[in-house]
Amino acid sequence: MKNCFALIPILLVIAIMVGCQDQTSTTAKAHSHSSQQKDHDKKSKPNKTQEEKKQKDQLLAQAKLSAKQYDYQKAITLLKQSGISENSDIQSAIDTYEKQKKNLVTWPDNSKIPHLFFHSLIVDKSKAFDGDAMAQGYRDYMVTIDEFKKILKQLYERGYVLVHLDDIAKLNQEGKMVYQDINLPPDKKPLVLSQDDVSYYEYMKGDGFAKKLTLDTGGYVTNTYVNEKGKIIQGAYDLVPIVDNFVDKHPDFSYQGAKGIIALTGYNGVLGYRTSKSAYGPNSDKPNPHIKEDQEQAKKVADAMKRSGWAFASHTWGHLYANEVSLEQLKKDTYKWRREVEPIVGPTDTIIFAFGSDIEGWKQYSSDKYEFLKSQGFDYYANVDASKTSWSQLGPDYFRQARINVDGLRMRGALTGINDVLEPFFDVERVFNSS
Ligand SMILES: [Zn+2]
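Thresholds, definitions, all that
- Each chain has its residues counted from 1, following the order in which its sequence is written.
- It should be noted that, the model being predicted, local features are given only for residues of pLDDT at least 70 and side-chain atom pairs only at 80 or more, the latter also being counted only at that level, while totals for whole chains, interfaces and linings use all residues.
- Counting from the N terminus, the helices are DSSP H or I runs at least four residues long and the strands are E runs at least two residues long.
- Here, residues touch in the contact sense if the C-beta positions derived from the backbone fall within 7 Å of one another.
- In this description, a line fitted to the C-alpha atoms serves as the axis of each element, helices being fitted only across the stretch in contact, and the angle between N-to-C directions of two axes falls anywhere from 0 to 180 degrees.
- Angular relationships are summarised with four words: roughly parallel below 35 degrees, roughly antiparallel beyond 145, roughly perpendicular across 65 to 115, and oblique for the angles in between.
- It is the rotation of the near helix from the far one that decides the hand of a crossing: anticlockwise by less than a right angle makes it left-handed, clockwise makes it right-handed.
- Think of a nonpolar core as buried Ala, Val, Leu, Ile, Met, Phe, Trp, Tyr and Cys residues chained together by C-beta atoms that fall within 7 Å.
- Exposure classes come from backbone-placed C-beta atoms, where a residue is buried if 20 or more other C-beta atoms lie within 10 Å of its own, exposed if 12 or fewer do, and partly exposed in between.
- Domain limits in this description derive from either an automatic procedure or a database domain assignment.
- Two strands form a pair only when DSSP identifies at least two bridges running between them.

Chemist: Tell me what's going on with the environment of Gln295, and back it up with residues and numbers.
Modeler: With respect to the helices and strands, the residue Gln295 is situated in helix 11 (residues 291-307). Setting aside its immediate chain neighbours within four residues, Gln295 contacts Thr275 and Ile344.

Chemist: So, the packing of helix 12 (residues 327-340) against helix 14 (residues 368-375): which residues are in play, and what are the values?
Modeler: Interaxial distance between helix 12 and helix 14 falls to 10 Å at its minimum, and their mutual angle equals 15°. Judged on the interaxial angle alone, helix 14 and helix 12 are roughly parallel. Seen from above, helix 12 lies across helix 14 with right-handed handedness. Contact residues: helix 12 offers Leu327, Leu330 and Lys331, while helix 14 offers Asp368, Lys369 and Phe372.

Chemist: I'd like a rundown of the nonpolar core, residues and numbers included.
Modeler: Grouped together as the largest cluster of nonpolar side chains are 103 residues, with contacts concentrated most on Val163 and Leu191. In terms of domain composition, this core takes at least three residues from each of domain 1 (2-103) and domain 2 (107-431). Excluding residues within four positions of it along the chain, Leu191 makes contact with Ile113, Pro114, Leu116, Leu155, Tyr160, Val161, Leu162 and Val163.

Chemist: Help me get a handle on the sheet that holds strand 9 (residues 221-226), residues and values and all.
Modeler: The strands making up a sheet are joined through hydrogen bonds of the backbone, oriented either antiparallel or parallel. Spatially, 8-9-10 is the arrangement adopted by the three strands of the open sheet, whose pairing is antiparallel. A single partner strand is all that each edge strand has here, and the edge strands are strand 8 (212-215) and strand 10 (232-235). Looking at each pair of strands side by side, their axes are set apart by 40° on average, direction ignored. Pairing geometry for strand 8 and strand 9, over four bridges, is antiparallel. In the sheet register, Leu215 faces strand 9, and the bridge partner there is Val221. Against the sheet, helix 9 (residues 239-249) contacts strand 8 and strand 9, and its axis sits at roughly 135° relative to strand 9. Strands strand 8 and strand 9 of the sheet are contacted by helix 11, whose axis makes an angle of about 75° with strand 8.

Chemist: Lay out the packing of helix 3 (residues 72-80) against helix 4 (residues 88-102) with the relevant residues and their values.
Modeler: Geometry of a packed helix pair, given as the angle between the helix axes and the separation of the axes. Direction vectors running N to C along helix 3 and helix 4 enclose 160°, while the axes themselves pass 9 Å from each other. By the angle between their axes, helix 3 is roughly antiparallel relative to helix 4. Taken as a pair, helix 3 and helix 4 cross one another with a handedness that is left-handed. Contacts between helix 3 and helix 4 involve Tyr72, Gln73, Ala75, Ile76, Leu79 and Lys80 on the former and, on the latter, Ile90, Ala93, Ile94, Tyr97, Glu98, Gln100 and Lys101.

Chemist: I'd like to hear about the pairing of strand 11 (residues 261-264), residue by residue, with values.
Modeler: Burial of the side chains of strand 11 extends over both faces: Ile261 and Ala263 are buried on one face and Ile262 and Leu264 on the other. Of the pairings in the sheet, the one linking strand 7 (residues 189-196) to strand 11 comprises three bridges and is parallel in character. The partner of Gln195 across the bridge, within strand 11, is Ile262. In the sheet, strand 11 pairs with strand 12 (residues 311-314) via four bridges, with the strands oriented parallel. Within strand 12, the residue paired with Ala263 across the bridge is Ala313.

Chemist: Tell me what's going on with the pairing of strand 7, and back it up with residues and numbers.
Modeler: Most of strand 7 is tucked away: seven of the eight residues are buried. Here strand 2 (residues 115-118) runs beside strand 7; their pairing, made up of four bridges, is parallel. Residue pairing across strands places His115 opposite Val192, the latter belonging to strand 7. Strand direction decides the pairing type here: strand 3 (residues 160-162) and strand 7, joined by three bridges, are parallel. Considered in strand 7, the bridge of Leu162 is made with Leu191.

Chemist: Before we move on, can you summarise unusual backbone geometry with the specific residues and values?
Modeler: For residues other than glycine, phi is negative in most cases, and the peptide bonds are mostly trans. With a phi close to 55°, Asp197 is a non-glycine residue in the positive phi region. Along the chain, Asp197 turns up in the loop between strand 7 and strand 8. Its 20 C-beta neighbours within 10 Å are what place Asp197 among the buried residues. Although it is not a glycine, His319 sits at a positive phi angle of roughly 50°. Along the chain, the position of His319 falls in the loop between strand 12 and helix 12.

In structure tokens form, the structure reads like this:
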């Protein structure tokens, strides 16, 4: 080993790494070679201190992230249980977080938390607004990537912080839905974000949207996109990776790691993968020969999304008007979602009604449809109501919230003075691209 220290630095690093591995793998068997062992220990000492410093830095960084996302208790517990809590750096971090924790205030009214939602973002305006049959729909229901980035920035500047529905209310042990404390600094306010129909539907092909969600070589969620030259490229071409990047840069935009909710149908598969057995299976009209691989890949993407703070919701399998269909149709559709979508994204307790078509009016849920959906595990319900900044209902065993659609229609409405519901969130004039 001695000669190793005379070698060029790169070799030295490799030698130390190998030496270190050797040591750990042989420790258990090395009792009889005590002199050799001592020799070994002496040489790896500087390495051990480095390793300790690295571990300490990692620990501090992990605690710092939790603290930035307002989970001071998690940060403090992590540091206290580290086994090196007497270290001065660790101790001073604990003191800081104890102090900052005292600045938090509990959000005064969980019934008044807004919820904004988006559809797939338009990457290429010239393709989306090319005058084909879909162009008006895109103009009405979607926003561009540039517009979305401006909206995110303004939401952040105005103090909004992303929370999940179960941060707002949760079932207790008796099965009763109860509000949860949301503890934020006085200048911050909670907001729920969701995105509907993240399926990259067949009809969207060639219209300037991302092709699918996928993983990059580092295992991070990204999009594939077919560019003007017909080449498939990877990058942040839709809401999920754009929000991921934004939270990486501004961790304090997320409450304890929360990001958004992704509402999925099933009829065209999910996340850009043609995974539906009924639509693309061997006995279907348009069989997908790679359906198995696509299902596996979509599951990997969904798992990575869940790990990084995203949640999934049912948007009904067939994009149904839940209010208009019969109970039988709703049952059939729900079973189909659970058969085809749940194996990929996992079980969900949230239903985000397609077309905002809620099963009942504003009074407390009591219908057979509700009883059925509740029996299928749904505790959170979301409809659409853009007439006010927020609306929600704490039922005995469910939580229901209204969402505001942020799209071309809403922004044009704001500009022409038809409605001002977006006013608290961002300045439409600074965001809207009239093309
Ligand atoms: Zn939808």
